[in-house]
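Topology and contacts: notes
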Amino acid sequence: KGGEWQKALQLLGVLAETRVESNTITFSAAISACDKACEWQKALHLFTSMQQSNLETNVFSVSGVISACEKVGEWERGLHLLASMVRSEVELNTVTCSAAISACGKGGQWEKALQLFSETAKSRVERNTIMFNAALSAYEKGSEWEKTLCLLGMMARNKMEMDAISFNAAIAACEESGKWAKAVELCSAMTQNKVKLEIFTFSAAISACGKGSNWEKACHLFSRMARSRVEANTTTFNATISACEKSSEWKRALHLLSAMAWNKVQSDRISWNAVMSACEKASRWEKALYLWDVQDRINSNANSITFSVAISACGKGCEWERALHLHSLMVQREVESNATIFNALISACEKGNDWTKALKVFDGLAGRKLESKKIYVNEVISASTNG
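Residues numbered from 1 in each chain as written. Predicted model: local features only at pLDDT ≥ 70, side-chain atom pairs only at ≥ 80, totals over all residues. Heavy atoms only, no water.

1. Focus: the overall build of the chain
Helix and strand counts for the chain come out as 22 helices and zero strands. In the chain, 60% of the contacts between residues at least 6 apart in sequence involve partners at least 24 apart. Counting only carbon and sulfur atoms, one obtains 49% of the accessible surface of the chain, whose full area is about 20,000 Å². (Helix = DSSP H or I, 4+ residues; strand = E, 2+ residues; numbered from the N terminus. Contact = heavy atoms within 4.5 Å. Areas by Shrake-Rupley, 256 points an atom, 1.4 Å probe, with all protein chains shown as cover.)

2. As for helix H7 (residues 110-122)
One full turn of an α-helix is made of 3.6 residues, so residues set three or four places apart face in the same direction. A rise of 1.5 Å per residue sets the reference length of H7, with its 13 residues, at 18 Å; its end C-alpha atoms lie 19 Å apart and thus fit the reference within 8%. Among the residues of H7, Trp-110, Ala-113, Leu-116, Phe-117 and Thr-120 are the ones counted as buried. Down the axis of H7, the buried side of the element spans an arc of 115°, and every buried residue falls inside it. What points out from H7, more than 90 degrees from its buried face, is the exposed set Glu-111 and Lys-122. (Expected span 1.5 Å × (residues − 1). Buried < 20%, exposed > 50% of the residue type's maximum accessible area, 1.4 Å probe, protein only. Arc of directions from axis to C-beta.)

3. A short note on the side chain of Glu-140
For Glu-140, the position within the fold is in helix H8 (residues 129-141). Look at Glu-140: it is buried, it has no salt bridge, and the nearest opposite charge is Lys-141 at 4.0 Å. Leave out the neighbours within four places in its chain, and Glu-140 touches Thr-148, Ala-169, Ala-172, Ala-173 and Glu-176. (Lys, Arg positive; Asp, Glu negative; His and termini not counted. Salt bridge = Lys/Arg side-chain N within 4 Å of Asp/Glu carboxyl O.)

4. Some thoughts on unusual backbone geometry
The phi dihedral of Arg-229 is positive, around 60°, even though this residue is not glycine. Residue placement: Arg-229 occurs in the loop between helix H13 (215-227) and helix H14 (234-246). With a relative accessible area of 79%, Arg-229 lands in the exposed category. You will see that Ser-248, though not glycine, has its phi angle at about 60°, which is positive. With respect to the element layout, Ser-248 can be found in the loop between H14 and helix H15 (250-262). Exposure remark for Ser-248: the relative accessible area of 26% places this residue in the partly exposed category.

5. Regarding the pattern of salt bridges
Going through the model one piece at a time under the given rule, you end up with six salt bridges. The partner of Lys-211 in a salt bridge is Glu-175, and the shortest N-O contact between them spans 2.9 Å. With Lys-211 in helix H12 (residues 199-211) and Glu-175 in helix H10 (residues 164-176), the pair connects residues that are 36 residues apart, well separated along the chain. A relative accessible area of 44% means that Lys-211 is categorised as partly exposed. A residue is classified by how much of its surface remains accessible, and Glu-175, at 12% relative accessible area, is buried. For Lys-316, the salt bridge is made with Glu-280, and the minimal N-O distance between the two is 3.1 Å. Note that Lys-316 is positioned in helix H18 (residues 304-316) and Glu-280 in helix H16 (residues 269-281), a separation of 36 residues in sequence. Looking at Glu-280, the relative accessible area reads 9%, which means it is buried.

6. Remarks on the environment of Lys-147
Here Lys-147 shows up in helix H9 (residues 145-157). Along the sequence, Lys-147 and Ala-170 sit 23 residues apart, while their C-alpha atoms lie 8.7 Å from each other. Not counting the four nearest positions on each side in its chain, Lys-147 is found in contact with Trp-110, Leu-114 and Tyr-139.

7. Overview of H15
Between the first and last C-alpha of H15 there are 18 Å, a value that for 13 residues agrees with the 18 Å anticipated at 1.5 Å per step. Restricting attention to buried positions, one finds in H15 the residues Trp-250, Ala-253, Leu-256, Leu-257, Ala-259 and Met-260. Residues of H15 that are buried make contact with H13, H14, H16 and helix H17 (285-298).

8. Structural notes on the side chain of Asn-303
Mapped onto the elements, Asn-303 comes out in the loop between H17 and H18. A distance of 2.7 Å separates the side chain of Asn-303 from the side chain of Thr-306, its partner in a polar contact. (Polar contact = N/O pair within 3.5 Å; in protein donor to acceptor, adjacent residues only side chain to side chain.)

9. Quick look at the confidence of the model for the chain
Parts of the model with low pLDDT should not have their predicted coordinates read in detail. For the chain, per-residue confidence averages 79 on the pLDDT scale, and residues scoring 70 or more make up 74% of the total. Taken together, the stretch residues 7-21 has pLDDT below 50 and engages in 12 contacts with residues farther than four places along the chain or on a different chain. A low-confidence stretch, residues 369-387 stays under pLDDT 50, and its non-local contacts, those more than four residues away or across chains, total 30 contacts. (pLDDT = per-residue confidence, 0-100.)

10. Some details on the packing of aromatic side chains
Applying the stated criterion to the full structure yields four aromatic pairs. Relative to Phe-132, the ring of Phe-117 has its centre 5.0 Å away and its plane inclined at 75°; by these criteria the two rings are edge-to-face. Separated by 15 residues along the polypeptide, Phe-117 in helix H7 and Phe-132 in helix H8 bring together distant segments of the chain. Judged on exposure class, the residue Phe-117 and its partner Phe-132 are both buried. Sitting above the plane of the Phe-117 ring, Arg-127 keeps its charged end 3.9 Å from the centroid. (Phe/Tyr/Trp six-rings, centres within 6.5 Å; stacked < 30°, edge-to-face > 60°. Lys NZ or Arg CZ within 6 Å of the ring centre and 35° of its normal.)

This is the structure we're talking about:
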């Protein structure tokens with residue numbers, strides 16, 4: 001792909017040097033090559049050259065430029081070109097409109113995508129699966145889950161083919177809005193319509209269940225992957241672990257982390273943070289700190305979330321000295337602190353009845369102008385009273 005557009009431009013240069021007149025077809029072919037190589041600026045330059053040469057632009061040349069712009073989310077240029085087609089009375093087609101709708105979606109302009117899609121109904125442009133998918137993807141990026149379901153219903157009523165892209169966009173929109181039940185329903189609808197569930201499908205649906213605190217359904221979907229012969233990856237494992245973490249299901253979270261190693265799936269910081277958090281929430285502070293030690297030996301890339309969970313676990317285990325050590329390690333590694341970490345430190349010192357350390361940490365919190373919660377102010381007072 002990378003070489004085809006360069007060859008096309010070289011050919012145009014040779015034609016110019018030999019004074020052989022380039023025509024609309026020649027330019028359209030070169031624009032198409034640039035589109036396929038995602039060279040939208042080159043495609044736009046060629047289109048401008050056509051206009052400057054007073055060559056007639058046609059549906060192929062304009063579609064090629066809009067499609068190139070769509071691939072990089074240049075929605076404003078795409079809309080401008082679409083408007084120029086209308087002014088020049090160039091007949092719009094499905095490819096052109098779909099690319100313009102998709103460009104708006106990638107640019108986060110789902111309302112403009114909706115407007116374009118609605119306008120196609122008034123024209124004679126055929127609305128096919130590709131165009132519906134472009135609109136669905138635009139709505140998904142705007143978390144407009146209800147609109148995606150309406151579009152799917154419209155496709156069903158019109159007996160149009162719904163593919164994995166159609167369903168995945170709707171499931172992703174439901175996931176972003178925390179509509180786990182709808183996401184699960186859509187998975188069932190895919191099976192009924194004989195559409196294969198993909199890795200993205202499972203990841204989005206499992207994540208939706210996690211946001212809805214339904215870890216059991218998340219685990220069920222994860223198990224279903226094996227039956228569907230879809231190989232789990234880091235994203236699906238993390239989504240399932242996160243679902244368990246939100247419900248403090250630490251044993252299942254630990255099992256999933258072990259399963260990643262068994263299946264030779266790369267675990268990352270998200271994996272370890274989620275399992276540590278599940279243990280900490282379930283007051284299994286020893287396991288949370290054990291996991292801290294293991295992950296720190298493996299990669300040493302702990303972030304503020306990792307430290308926050310570990311320090312909070314220290315608080316639950318009255319390990320205030322270790323909590324202070326972890327905070328010193330944070331400073332040493334230049335990991336940014338926050339109010340949550342300071343609050344966890346104060347809590348750990350309070351449980352260790354060390355009011356001097358609690359006051360020192362509280363002074364650091366005030367010095368950094370971080371917001372402290374009232375409950376932790378009370379804990380500083382409690383520590384000083386106990387001391």
